[in-house]
Structure formats: C-alpha cells, structure tokens
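Residue-level listing of the chains:
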Amino acid sequence: YTITVNPDATGAAIPKSMYGVFFEDINYAADGGLYAELVRNRSFEFNTTDASGYNGLTAWTVTGSAVVTNDDQRINDRNRNYLSVTGATGLTNAGYNTGLAVKKSDKYDFSVWARAGAATSLEVTLLTATGTALSAPLTLAVSGDTWKKYTGTLRATATSDVARLSVKTSGSAKLDEVSLFPRDTYKGRANGLRKDLAEKVEQLDPGFVRFPGGCLVNTGSMYSYDAANNYPRARSYQWKDTVGPVETRATNKNFWGYNQTYGLGYYEYFQFSEDIGAMPLPVVPALVTGCGQNRATVDEALLQRHIQDALDLIEYANGPATSTWGKVRADAGHPKPFGLTTIAVGNEENLPNEYWANFLRFESAIKAKYPDIVVVSNSGPDDQGSTFENLWAKNREHGSDMVDEHYYNSPAWFLQNNRRYDAYDRNGPKVFLGEYASLDNKLYNSLAEAAYMTGLERNADVVKMASYAPLLANIDNVQWKPDMIWFDNDESWGSTSYQVQKLFMNNVGDKVLPSVATGAVAQPKPITGAIGLSTWRTAAVYDDVKVTRPDGTVLYADDFGDGDAAGWTSVTGRGNWAVTNGAYTQTTTDTEDTMVKAATINETDYDYTLKATKTA
Ligand code: AHR
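Bear in mind that the values here come from a model prediction, so they are computed numbers and not experimental data. (Residues numbered from 1 in each chain as written. Predicted model: local features only at pLDDT ≥ 70, side-chain atom pairs only at ≥ 80, totals over all residues.)

Q: Can you walk me through the confidence of the model for the protein in this structure?
A: Low-pLDDT stretches of the model should not have their predicted coordinates read in fine detail. Mean pLDDT for the protein: 88, with 84% of residues reaching 70 or above. Across residues 523-544, where pLDDT falls below 50, the model places 61 contacts with residues more than four positions away in sequence or in other chains. A low-confidence stretch, residues 590-616 (pLDDT under 50), is modelled with 86 contacts involving residues beyond four sequence positions or located in other chains. Interface predicted TM-score (ipTM) for the complex: 0.99; the corresponding pTM is 0.85. (pLDDT = per-residue confidence, 0-100. Contact = placed C-beta atoms within 7 Å.)

Q: It is not clear to me how the site of the ligand should be interpreted in this structure. Could you clarify?
A: Residues in close proximity to the ligand include E24, I26, G213, G214, C215, N347, E348, H406, E435, A469, P470 and W480, which together make up its full environment. Partitioning the shell around the ligand into residue classes produces five nonpolar, four polar and three charged. (Near = placed C-beta within 6 Å. Nonpolar A, V, L, I, M, F, W, Y, C, P; charged D, E, K, R; others polar.)

Q: What is the right way to look at helix α6 (residues 385-398) in this model?
A: The periodicity of an α-helix, 3.6 residues per turn, causes residues three or four positions apart to be oriented the same way. With 14 residues, α6 ought to run about 20 Å at 1.5 Å a step, and its terminal C-alpha atoms sit 20 Å apart, in line with that. Turning to α6, the residues buried within the fold contact α5 (352-369), β17 (374-378) and β18 (402-409). Immediately beyond the C-terminal end of α6, within one or two residues, lies G399, with a positive phi of roughly 80 degrees. (Helix = DSSP H or I, 4+ residues; strand = E, 2+ residues; numbered from the N terminus. Expected span 1.5 Å × (residues − 1).)

Q: How should the environment of D309 be read in this particular structure?
A: Locating D309 in the fold gives a position in helix α3 (residues 300-318). Assessed through the 17 C-beta atoms surrounding it within 10 Å, D309 is described here as partly exposed. Sequence separation of D309 and N294 is 15 residues, and the distance between their C-alpha atoms is 22 Å. Filtering out sequence-adjacent residues up to four positions away, D309 remains in contact with Q238, W239 and K240. (Buried ≥ 20, exposed ≤ 12 C-beta atoms within 10 Å, placed from the backbone.)

Q: What is the right way to read the packing of helix α8 (residues 443-458) against helix α9 (residues 496-505) from this model?
A: For any two helices packed against each other, one specifies the crossing angle of their axes together with the interaxial distance. The N-to-C vectors of α8 and α9 enclose an angle of 25 degrees; their axes lie 8 Å apart at closest approach. With respect to α9, the axis of α8 lies roughly parallel. Crossing of α8 against α9: the hand is right-handed. Side by side, α8 and α9 meet where L443, N445, S446, E449, A450 and M453 of the first sit next to T496, S497, Q499, V500 and F504 of the second. Along the lines of polarity and charge, the residues of the contact of α8 with α9 split into five nonpolar, five polar and one charged. (Axes fitted to C-alpha atoms, helices over the stretch in contact; angles between N-to-C directions. Parallel < 35°, antiparallel > 145°, perpendicular 65-115°, else oblique. Left-handed = near helix turned anticlockwise from the far one by under 90°.)

Q: What exactly am I supposed to notice about α5 here?
A: Its 18 residues give α5 an end-to-end C-alpha distance of 26 Å, which sits within 8% of 26 Å, the value for a rise of 1.5 Å per residue. Where α5 is concerned, the buried positions are P352, Y355, W356, N358, F359, F362, E363 and I366. On the buried face of α5, the contacting elements are β14 (288-289), α3, β16 (342-345), β17 and α6.

Q: Help me understand the sheet that holds strand β19 (residues 430-438), please; the structure alone is not making it clear to me.
A: Paired through their backbone hydrogen bonds, the strands of a sheet run either parallel or antiparallel. Sheet architecture is closed into a barrel: eight strands sit in the order β2-β10-β13-β16-β17-β18-β19-β20, paired in parallel fashion. Along the sheet, successive strands turn relative to each other by an average axial angle of 25 degrees, direction set aside. The sheet contact formed by β19 and strand β20 (residues 463-468) spans four bridges and is parallel. In the sheet register, L433 faces β20, and the bridge partner there is A466. Packed on one face of the sheet, α8 meets β19 and β20 and runs near 170 degrees to β19. Here α9 sits on the sheet in contact with β2 (19-22), β19 and β20, set at roughly 140 degrees to β2. (Pairing = 2+ DSSP bridges.)

Q: Would you explain the sheet that holds strand β22 (residues 485-487) in this entry?
A: Strand order in the open sheet formed by three strands is β21-β22-β23, and the pairing between neighbours is mixed. What marks the edges here is a single partner per strand, and that holds for β21 (472-474) and β23 (492-494). Mean inter-strand twist for the sheet, computed between neighbouring axes without regard to direction, equals 20 degrees. Taken together, the three bridges between β21 and β22 define a ladder with parallel strand orientation. Among the inter-strand pairings, A473 is bridged to a residue of β22, identified as W486. Across the sheet, helix α1 (residues 195-204) lies against β21, β22 and β23, angled at about 15 degrees from β23, the strand it touches most.

What follows is the structure, encoded as structure tokens:
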C-alpha cells in the first residue's frame, strides 16, 4: 500500500516534552532501586506500621548487645530512633534483596553518625554472606558524647551481589544513619542514584519526569511528620518531609507496603530531572484520598496548609536563593532555580465533587501568585465511568490548563482506540496521559503501545504529554506489573515497552504532517459496539463487564459509564459465556451475582469469556 504525506501542510507542533517518564516509589523503585544507598533500615526506623514483621532491627543481625532506642538523646526530632550499643558488639546489615552488590576494586563511601561516653572504635568491613572479608577493614575512632558524622572508604576485593556490611564496636556507643554508597553513583553525586538505572532512564531522553506518584501521593494521612500531629507514619507524600540533610528526614510507610526513607526526596527528583534534561512535573495531594481510601478532608486549616505547601514548592524550585524556600534549595547545593513550569494537583481522584472544590482552591492560589505555572487537573481513576465524565465536564467548563488521564488496558484495546483523541475538543483543556500501559510485558503489548503512540502524536495539538507506567520494578519486590525497566541488585534490563518508549522519545518529530494510506492497508479487526446490559444498566446495578481471553488477559472492559450498550445481541443466562466465532455457549452458571449479554465480536482469533458483576 501507499502512504502519501503532505509536507506542506501545517500540522500541530509536537513538543519536546511529548513523551516522558513517571517515577513512583512502587516495586522498591527508590530504596533498593534508583536510590543508591546499599544499607537497608539505615536509621533503625522500620516499624510494624510500615509492613507486618518490620521492626527497628529489620535487615540487621546483632552479636552482642544493641537496643533500638527512642529518647531525647536522638539525633534529630524527625529521625526518632537510634541504636544503643553496650560493650563490644557486632552489627551486620544484609541490604536489599539478596544482599549488597559490590564490584571488585570499586570504592564505597561509608558514613555513620555516632557518639560515645568513652572512646570507642568502629571496625567496618564488607563481608560475603558467609562472613569472609570482601574489603580491608576501615577503623574509625568515635570520641565525645555528641552526635558527629564519621566517614571512610572501603574498596571491594571481589565482586558479589550477596555481600554484607559489618560494623563492630570495641565498646559502648550510640549509632544512627549507618550508610554505604557506591562512589560511582550517577554523575558522581553524593546521596546519589544507582548508575545503571539512572542511565537507562537518561537514555530514554524523556521530555519530563512526573513524580513522586501515583497512589503514593494521595493516600494516607494528610498530616506532615511533626510533633503537633504525633508523628504520623502512614501519611501522604509531602515534599517538605523529604528535603534537608538526610539524617534529618523522617521515614514513612510507603503505600505499596514497605518503608520509604525519603533519601530520594524532592531535591534529588529535581536534580535528576535537570541532569537528564527533562522537565520536572511534581504531583501534590489535593486533600482527597484515592486508591481505595476515598475520604476528603474537612479540616480547613489543613487544606490551607497544603495549598501553602504547593506555593512554597514553587518557591523552593524557582525562588531566589535569598527566599525562604529558595534558600533551602541553595543550602542543599543548587543556588540556581530548577525552572519548574508545571505542577499537578491530585491523582486518580475518586470523589469528583470534593476533589473539584479543592482543585479550584489550589489552582486559584497558584495562578494568583504564579500566573505562568501550568496547573494540571485530574480526570479520575480510569478512562471511563461517571467520575471521568463528571470531572472532564467540570474541567471543560472551567477551562483547566490540562487534565491528567490514566488507563491500563489490553493490547487489543490500544489497537482499537488509536483514534481516541481524534474526537477530543480542539479548544478544550489539553491532555496529559500521565499513566498508561498495555497489560503485559510481551512484544505484542509494546507493539500495541507503539501503534497507540502514533495516535497520541497525530493529536499533538490536544495530547501534550504522555508517560508509560510504572517505570521501575525490583524483581524481588513487585507490587505492580507490567513495568518498563526491571532490575535486581546489580543488573537491569529494559522491557520491549522500554525500547518502544526509547524509540519515540529519541525521535520526537517537530510537527504532524497529515498522511493518507491507500491500497490494501491492513486494518485492525474492530469490535463492533460494546458489551452491554441494556436493561439492567439503566438501573445502574451492573458494573465491570469484561471480555477475557483464555490466558486471562482482558480484551475489553466496560463499566457502563459511557452509554455504549446499544446494538448488542443479548444472551440470557447468568454466569460465564464462551464466545467462539460469534457462537455463545454458557460455560458456568452463577446465581444472582452475574448476568451476561453478549454481542458479536468481529475478531475471530480467540475464544472469549464474558462476565458482568452485579455491584448493587
Ligand atoms: O502506576 C501504578 C499505579 O497505578 C499508580 O500509583 C496509580 O496512580 C495507578 O492506579
């Protein structure tokens, strides 16, 4: 067939920021992942609230006497616990996954905060899992009963991904923030990033970095970590908790079921975005919790405080080094502004009315002080349904700058919906496709994503940014898949979706040129109509209709929010139905819980199962 391109036509400009990445600390993406710290539970703050079975000595083995202590001798009000060691004692840290990964001849920077009533020495060594030395010992003399930072360097004598860090005290001491970083971090930065992972992201050449979540942002308590709020552990991601010297940062329960140290915090996110030439795009909580925790705050003072936090964040990123928050940035080593242009308020908002009321408050405060900042609004938890329609209607009527959409679907869905944005209002809010993925890590999924991205690009006048999600997954700690980049302690590899993203990000066009294909063009096989329950959906009691392939992947899902039930053949019977080349057979029988109707699917490659679940 022939593709005819009109090179003279004036198509939409495609911004450099069209394709970016979405970093969330899910699947151990930060601690044990991109954040290069090798010591797990370095400040003895792990807690059973973070995950069942955790305690202050998680990842540590003690030979002798060491007690996790929380009293007024602590190093800092936000770093509550320290380790109180009595007499000569051995401590061994097992790191993340199978252990610490070290490379023969590479240097490792050790540091610890310590104090001791009587002079005590520390002997620090890398060990194999069975206790053989992997480095010459480093000896540090601790003197004085005030907190001081002690540092030194270890050099690995062999390569291992199951190493241990051993710290032996000759006598009593108090220890905190025990840390070991490879010298060879990304761009050699202190408190830096794991080089192979950071380089894989850099090689994508992303136009932007959306961070720090996801559900990480808008779940948990909205209080910050302070005495006034009794130091809440399971709280939403609040940027002020994550800046300043690392030994003064509190840790938190991560929504995805583990502890997060905030060693990788807002300063590091901004620095990384700058290092890879990408636009930083922070997401702040809108004081409405989502991701299954549907609550909105009724605390006006708390809402105001969060709105002020958003304003302070802009000052932190862009303000002069003499401003209150610009100084915090400058003190951390970056006097020059980071150049923040865009901020998102909220993530997958389930409570449209409550979210909208708060969004308007955030937006008007931000625009009043910083009229040029783009404020990204939200469209709810998925791409269909009443919340999505409701929020889009509000955004359209209001004239929001940009709306964040998310969807995770089958490869067939991505092929069928290539034209999704052709129909979007050219004068309405712009679209930020903040999260999407075809639901597996197979080649077919990435091809479907690539095909879909041509539709995003063709609509570059409406779709301004898009990011595949999630970005990173530690193979031993997976809460969500598929993912773009996979890793273990010392290796990382991109999925085929990574290669597709890299291809598109490294070859962003300048503008859209209209093209026409003629001849025997292979067309995707259409699904005619949709799966529907025309009688029952009016009563709005059925939801979550799915067509699944024999391997369990979802071909089609519909929550009946978009009025597409018409025109379908009905099949009477409660249970699961197999559909083979248009013929229906009931395979299981259910009671009142399910009811199916089916329609012809003009795709004969698979046998399908149809199922609708009664929700009310
Ligand atoms: O990308 C993983 C999760 O998917 C995000 O945290 C959330 O926004 C979405 O539901």
